Structures are given as C-alpha cells and as structure tokens.
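# Remarks on the overall topology
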Amino acid sequence: MRPSWDEYFMQIVDLIKTRSTCLRRQVGAIIVKDKRILATGYNGAPVGCRHCSEVGCLREKLNIPSGQRHELCRAIHAEQNAIVQAACSGTSVNGATLYVTTQPCVLCAKLAINAGITRIVFNGDYPDELSMALLEEAGLEIVKV
C-alpha cells in the first residue's frame, strides 16, 4: 500500500537525520508546501565550524540534561537549519508543514511560528512543555505520529 503523505514525508526525515553530526540525538526536518519539499535540515554545527563528532559534546561533558541550556550546544537544530535553508534560497515557508523526527524545542517552535509554518508533524518526544504550549497558543496544527 502507498503511504499517506504524512507517512511519506516522515520516512524522508528519518533518512535526512542520518546526516546529523550530533552525538546525543539525530534529528531530521523538512518543510513541505503543496506536497513539495521546500527545504531540509538536520542538526549539526554551523557551516565552516567543526562538528561535535570531531570536537566532542560540551553539554555531555557538563552532564546537561536533554532540553536544557541550548546555548551551550555548538549545533543548530534540524528545524532551524531547514528554515535557514529556505531563507537562503528566498523560499517562503508561510503556510507550510514542518515534518521533524522529534518534537520541536521552544526555540524551534518560536522560529516556526514566526516563519508562518501552520502545521507540525513529529514522532519523538522532547522534554519541553513551553514549546507545545506556544505552538497551541499560536494556533498551529500539531500532529504526533
């Protein structure tokens, strides 16, 4: 049987996450509008910077729990990378769906809201209640598969 569109795009984010260089969690994301992929992203260091796989994970060394102290991570999140990729190519994501392997953190949620993303589909949990509260308050459709 053919997968539904949500199943199809979630299978793609599972492949995208394999490019991640994060030592703690591999995350993939795509932004889709009208059943067309606009941008992709995975978590890893900014362009031109060494990856955690090369220099180690500061958050791991400091024993920082998941979902806390994002500013100490050298990686950019998959959702952020996808939004930035769209911006760099001049592609509007207004009205689009964000597919991501893990529930967005509060930083990614705020970016998605302000970028005009109207729907988020994800399958993995993340310890960030404020993220979900903001997404719901902003009126985004949230689908956990």
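Residues numbered from 1 in each chain as written. Predicted model: local features only at pLDDT ≥ 70, side-chain atom pairs only at ≥ 80, totals over all residues. Heavy atoms only, no water.

Take the UniProt feature "domain: CMP/dCMP-type deaminase" (unreviewed entry) in the chain next. When the UniProt feature table is mapped to this numbering, "domain: CMP/dCMP-type deaminase" (unreviewed entry) covers residues 4-137. Taken end to end, residues 4-137 has its terminal C-alpha atoms 28 Å apart, with 37% of it in helix and 19% in strand. (UniProt positions renumbered as here; feature names shortened; annotations may be inferred. Helix = DSSP H or I, 4+ residues; strand = E, 2+ residues; numbered from the N terminus.)

Feature annotation in UniProt assigns "active site" (unreviewed entry) to the following positions: Glu79. One can find Glu79 in helix α4 (residues 78-88). Sequence-distant contacts of Glu79, that is, excluding residues within four places in its chain, are made with Val27, Ala29, Leu98, Val100, Thr102, Gln103, Pro104, Cys105 and Cys108. (Contact = heavy atoms within 4.5 Å.)

The next thing to look at is the packing of aromatic side chains. Counted under the stated rule, the structure contains four aromatic pairs. Pairing Tyr8 with Phe9 gives two aromatic rings, centres 5.0 Å apart and planes at 65°, and the pair type is edge-to-face. On the accessibility criterion, Tyr8 (37% relative accessible area) is partly exposed. The exposure class assigned to Phe9 is buried, which follows from its relative accessible area of 2%. (Phe/Tyr/Trp six-rings, centres within 6.5 Å; stacked < 30°, edge-to-face > 60°. Buried < 20%, exposed > 50% of the residue type's maximum accessible area, 1.4 Å probe, protein only.)

Below, the discussion takes up the pairing of strand β2 (residues 36-42). Where strand β1 (residues 28-33) and β2 come together, six bridges link them in antiparallel fashion. Bridging from a neighbouring strand, Ala29 pairs with Gly41 of β2. Where β1 hands over to β2, the hairpin turn is made up of two residues, of which Asp34 adopts a positive phi near 55°. (Pairing = 2+ DSSP bridges.)

Note that Gly67 resides in the loop between α3 (58-61) and α4. Taking the C-alpha atoms as reference points, Gly67 and Val143, separated by 76 residues in sequence, lie 20 Å from one another.

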